[in-house]
Number of protein chains: 2
Amino acid sequence: MSKHLTKRAEDYSKWYNELIVKADLAETSAVRGCMVIKPYGFAIWENMQAELDRMFKETGHQNAYFPLFVPKSLFEAEEKNAEGFAKECAVVTHYRLQTDPDREGKLRVDPEAKLEEELVVRPTSEAIIWNTYKGWIQSHRDLPLLINQWANVVRWEMRTRLFLRTAEFLWQEGHTAHATKAEALVEAKQMQEVYATFAENFMAMPVVRGAKSESERFAGADETYTIEALMQDGKALQAGTSHFLGQNFAKAFDVKYTSREGKQEYVWATSWGVSTRLIGGLIMTHSDDAGLVLPPKLAPIQVVIVPIYKGEEQLDAISDKVQPMIAAFKEKGISVKFDHRDTLRPGAKFAEYEMKGVPVRIALGKRDLENGTVEVARRDTFEKQTMNQSGVVEAVAALLDEIQESLYNKALTYRNDHITEVNTFEEFKDAIENKGGFVSAHWDGSIETEDKIKELTKATIRCIPNDVKEENGNCVLTGKPSGRRVLFAKAY
Amino acid sequence: MSKHLTKRAEDYSKWYNELIVKADLAETSAVRGCMVIKPYGFAIWENMQAELDRMFKETGHQNAYFPLFVPKSLFEAEEKNAEGFAKECAVVTHYRLQTDPDREGKLRVDPEAKLEEELVVRPTSEAIIWNTYKGWIQSHRDLPLLINQWANVVRWEMRTRLFLRTAEFLWQEGHTAHATKAEALVEAKQMQEVYATFAENFMAMPVVRGAKSESERFAGADETYTIEALMQDGKALQAGTSHFLGQNFAKAFDVKYTSREGKQEYVWATSWGVSTRLIGGLIMTHSDDAGLVLPPKLAPIQVVIVPIYKGEEQLDAISDKVQPMIAAFKEKGISVKFDHRDTLRPGAKFAEYEMKGVPVRIALGKRDLENGTVEVARRDTFEKQTMNQSGVVEAVAALLDEIQESLYNKALTYRNDHITEVNTFEEFKDAIENKGGFVSAHWDGSIETEDKIKELTKATIRCIPNDVKEENGNCVLTGKPSGRRVLFAKAY
């Protein structure tokens, strides 16, 4: 395997796949479309999980766990949802293997051990959860029910891509039940905002908050709120969605509550999720031709210290200086690694941590020992500076904050530079094909027009932004009247 | 549902099942043998996970994630392991549903969408992980490889029981690779000790550390180390196991490394796991006829504060006293709940928290306001005392430690009182049938004798204790010579 990455400008998709492997994030597995998340990649997911979990709990949610399998009859109870996912379901039909009489020592599925009812491996858990909620909700006092689950789900998709689209992926799915429509709408929008805050403050990834058009909604939802990010190649990424499910699942599973007034009412529902796809978004928002670039708040290693030495004695002298630094970093909650392996030269270590996106590198050699200095290098800009050993921990702590902010600002500038307002279909096609990014255009509101635009340009409506302004105009395709612009883009 | 639990002495198994439901820990689901873990039960699991994860990381392990599915051909590569699990595998054979032409709007498995190779839902992940390790391990520098995974696994068992044995369960599975046999043995024993420490220090559940007899070993292991706990009904519970896998998986998946000397060698392996079964063990170690009893270190709510009031004004006055207490508890990292619901009387709340095993209850009424006191009640002993409000936080913090210790000591006394040394088969049967607990007996070391004893008494060899003494004696069944005693018990 070559040490160098394919350049983004050469082949973005190849760059992405190579980076994931070279940065030790993940790899494909022996199971079609399923990935192995390697320790370094998983550590990023753990950091994401910790922060999201904290935010969910702060907003009153509790975690629970529901079965991996959904009996087919439950799965099909909410018809739109079932139809939406039916084509990509892994199905368990048998529960035993036995020795194959034709192939010595080999196993085959035992035909005798057929399940009475097939089990769908959850592609999402609304069905099994709402079937359970039926037993949990009787009275208005049982509401709101605010539950989240961290789980694996399976969607048997034909075209997969590490992190962005895999047959099995890890996610969280919130499922809430409310007494009123208004309360459920507030919840769905609140969780969109939680996701947006997480994306911007932790991933340093600016997002557009908006609502999906009808044809892009979650199957079974009355309204889907989304956060849409922009990748460096000009394609959009749906990074998280929060659905207002109306009473669709309550009706499908007959979940009613007795109101304060003693009336039987169907409850109102939301569901919302983000997945390991976020890691794909993180990579494509910040990384460069040298490898991964990570925002400090999610980096498994925030600071790496590399000694430059000859012989044990020099290493010992450097270690003496480094140990109190490590203690001081840890004291501040900054994760630090001292890489004193003697099997790699400093240059090779530098390259490794560049590839892995460690935000700050500190190097210490013989001359630094004499001068009481260290060399501090930023991963994002490659800037280096010499600092005094005495103040280095405070300075690096401040630098990490600066990097976090700078990554966000850089991504924001790029994103804002790639929202193009167009008024004709020629401009639309030109922007989509030649510039990339979001195109802000008038649309007549019909599914037919949306489909036609997709057919002609591969661009889809990413969202109707939350902060959209009323503005009279004409649909870029049909010229029919339109009251506001929506955002189109090619998307992952 | 009756408010009261069946008594343990009446029907232990019924008591266990009722307690789980009434304490809001878990329930059965629409999927045969699979459970729903409710928020309160899941919060216990989260506390267990946090502590175990910290211990795994302290001992140098990293988390990763491997696919849910194992292609059948990989699954069968290590023959003993495959045989051991073949009879309880859920198997995915198809990947699509379609509308059933015979039943309008209903779905059926699409016969066209048959997988080329069936996928086994992982009952354990050695096969998929060792197939992956083949690509990760080339040199002695890649070793040791110390990886853990938190995951769901599926074993299609016919007789299931909430937490103790469910078709799907949550667990962690460590999978490590080492250059030498000695190092792998040290690892396997280290993880047994990590589990034992967790069980004793956090679950307050004493365990016997030992090795399994050959017939009780994990399928594919050369040695299985176990921690065995004793439940209140005299049955043993295997609470965690750590396996020395020898080179069995390395050979099955051809995983070799180049040694320092430049030779190609097979690596040595371990695997180790604990699961949501631990929650079953926790329940059966401490709980009583009033409900759950939780050790403070794992209790989702450590302290509950119940106001006893009439009218808003009294509640406000109580809240004024309680708020600084809550802040002080949180400051100490003690989780506290102030239950000021106006829909339940204090007595009903007391009963609820007794059922849920909250270790300490603080009650505050009108008279307490006048006297500057609170009533503090222990869940484990039901002891109550009046304390001054001023010192209550420190006193309760100390009380929580005392409860933790007291629960452990009580369980230890019970366990020690239920290890019976026997020298004849009459004594053996009497102890197993009438007293319960562990029976320490000489055994001739043969599988035949072990099987015969199981057939006659339902007791199995739980383990050969780590601290077993050499002692000449005669097998209780056959009279053949034996060099040490082993522990038998009926087990879950």
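Just so it is clear, the structure is predicted and the values come from calculations on it, not from any experiment.

The rules behind each value
- Residues numbered from 1 in each chain as written.
- Chains lettered and ligands numbered in written order.
- Predicted model: local features only at pLDDT ≥ 70, side-chain atom pairs only at ≥ 80, totals over all residues.
- Heavy atoms only, no water.
- Least-squares fit on C-alpha atoms with pLDDT ≥ 70 in both.
- Contact = heavy atoms within 4.5 Å.
- Phe/Tyr/Trp six-rings, centres within 6.5 Å; stacked < 30°, edge-to-face > 60°.
- Helix = DSSP H or I, 4+ residues; strand = E, 2+ residues; numbered from the N terminus.
- Buried < 20%, exposed > 50% of the residue type's maximum accessible area, 1.4 Å probe, protein only.
- Lys NZ or Arg CZ within 6 Å of the ring centre and 35° of its normal.
- Pairing = 2+ DSSP bridges.
- Axes fitted to C-alpha atoms, helices over the stretch in contact; angles between N-to-C directions.
- Domains from an automatic or database assignment.
- Buried area = accessible area lost by both parts, 1.4 Å probe.
- Salt bridge = Lys/Arg side-chain N within 4 Å of Asp/Glu carboxyl O.
- Polar contact = N/O pair within 3.5 Å; in protein donor to acceptor, adjacent residues only side chain to side chain.
- Nonpolar A, V, L, I, M, F, W, Y, C, P; charged D, E, K, R; others polar.

When chain A is brought onto chain B, the operation consists of a screw motion whose angular component is 180° and whose axial shift is 0.0 Å, with 0.0 Å RMSD remaining. What the superposition gives is, in effect, a two-fold axis relating one chain to the other. Residue Val92 of chain A of chain A places its C-alpha closer to the rotation axis than any other residue of that unit, at 2.1 Å. Take the interface residues of chain A: 100% of them recur as interface residues in chain B, which is what a same-surface contact looks like.

Right, let's talk about the packing of aromatic side chains for a bit. If you walk through the whole model with that rule in mind, you get 34 aromatic pairs over all chains. Between Phe66 of chain B and Tyr133 of chain B the ring centres are 6.3 Å apart and the planes differ by 75°, which places this aromatic pair in the edge-to-face class. One end of the pair, Phe66 of chain B, is in the loop between β3 (62–63) and β4 (69–71); the other, Tyr133 of chain B, is in helix α5 (residues 126–136), with 67 residues separating them in the sequence. When the ring of Phe428 of chain B is compared with that of Phe488 of chain B, the centres are 4.9 Å apart and the planes differ by 80°; the resulting orientation is edge-to-face. Separated by 60 residues along the polypeptide, Phe428 of chain B in helix α13 (residues 425–435) and Phe488 of chain B in strand β27 (residues 485–489) bring together distant segments of the chain. In this pair, the class of Phe428 of chain B matches that of Phe488 of chain B, namely buried. In this structure an aromatic cluster arises from ring pairing among Trp45, Phe56, Trp150, Tyr195 and Trp272 of chain A. The cationic tip of Arg8 of chain B hangs over the ring face of Trp15 of chain B; the distance from NZ or CZ to the ring centre is 5.9 Å. Its end group placed over the ring of Phe350 of chain B, Arg361 of chain B keeps NZ or CZ at 3.7 Å from the ring centre.

Moving on, we get to the sheet that holds strand β11 (residues 208–211) of chain A. Residues and elements named next belong to chain A. Judged by pairing direction, the sheet is mixed, and its 11 strands sit side by side in the order β3-β9-β10-β16-β13-β12-β11-β24-β27-β23-β22 without closing on themselves. On the outer flanks of this sheet lie β3 (62–63) and β22 (419–421), each paired with one strand and no other. Pairing between β3 and strand β9 (residues 145–154): 2 bridges, direction parallel. Each residue of the ladder has a partner; that of Gln62, found in β9, is Ile147. Along the sheet face, helix α6 (residues 181–201) touches β9, β10 (168–178), β11, β12 (223–230), β13 (236–246) and β16 (268–275) and points at about 10° away from the line of β16.

Before going further, it helps to examine unusual backbone geometry. At the junction of Leu143 of chain A and Pro144 of chain A, the peptide bond is cis and its omega measures out at -5° in the coordinates. Following the sequence through the fold, Pro144 of chain A ends up in the loop between α5 (126–136) and β9. Positive phi, close to 70°, is recorded for Phe163 of chain A, a residue that is not glycine. The residue Phe163 of chain A is located in the loop between β9 and β10 in this model. By relative accessible area, Phe163 of chain A is classed as buried at 1%. Phi is positive for Lys458 of chain B, which is not a glycine, with a value near 65°. Looking at the element boundaries, Lys458 of chain B is found in the loop between α14 (447–457) and β24 (460–465). Given the relative accessible area of 64%, Lys458 of chain B is considered exposed.

This part takes up the domain arrangement of chain A. All names here are of chain A. Splitting chain A by domain gives domain 1 (12–67 + 128–286), domain 2 (303–399) and domain 3 (419–489). Its C-alpha centre places domain 1 at a distance of 26 Å from the equivalent point of domain 3. At the junction of the two partners, domain 1 supplies 17 residues and domain 3 supplies 15 residues. Summing the contributions of domain 1 and of domain 3, the shared interface buries around 1,300 Å²; its carbon and sulfur component is 57%. Taken as a group, Val208, Ser213 and Glu216 account for 30% of the area that domain 1 buries against domain 3, more than any other trio of residues on that side. Where domain 1 touches domain 3, the interface holds 1 salt bridge. We note a salt bridge from Arg462 to Glu228, for which the minimum N-O separation is 3.0 Å. Connecting domain 1 to domain 3 are 8 residue pairs in polar contact (both at pLDDT 80 or more). Where the side of domain 1 that touches domain 3 is concerned, the elements lending two or more residues are β11, β12 and β13. Per-class residue counts for the side of domain 1 that touches domain 3 are 5 nonpolar, 7 polar and 5 charged.

Note that Lys297 of chain B resides in the loop between α8 (277–286) and β17 (303–307). When sequence neighbours within four positions are dropped, the list of residues in contact with Lys297 of chain B reads Asn201, Phe202, Gln302 and Gln404 of chain B.

Moving on, we come to the interface of chain A and chain B. Contact with chain A, which involves 64 residues of that partner, is made by 64 residues of chain B. In total, chain A and chain B occlude about 5,200 Å² of area from one another, counting both sides; carbon and sulfur atoms represent 68% of this. Connecting chain A to chain B are 4 salt bridges. Notably, a salt bridge pairs Glu76 of chain A with Lys106 of chain B, separated by 3.9 Å at the nearest N-O pair. Linking chain A with chain B are 30 residue pairs in polar contact (both at pLDDT 80 or more). Bridge analysis of strand β5 (residues 91–94) of chain A against strand β5 (residues 91–94) of chain B gives 3 bridges, and the strand direction is antiparallel. The partner of His94 of chain A across the bridge, within β5 of chain B, is Val91 of chain B.

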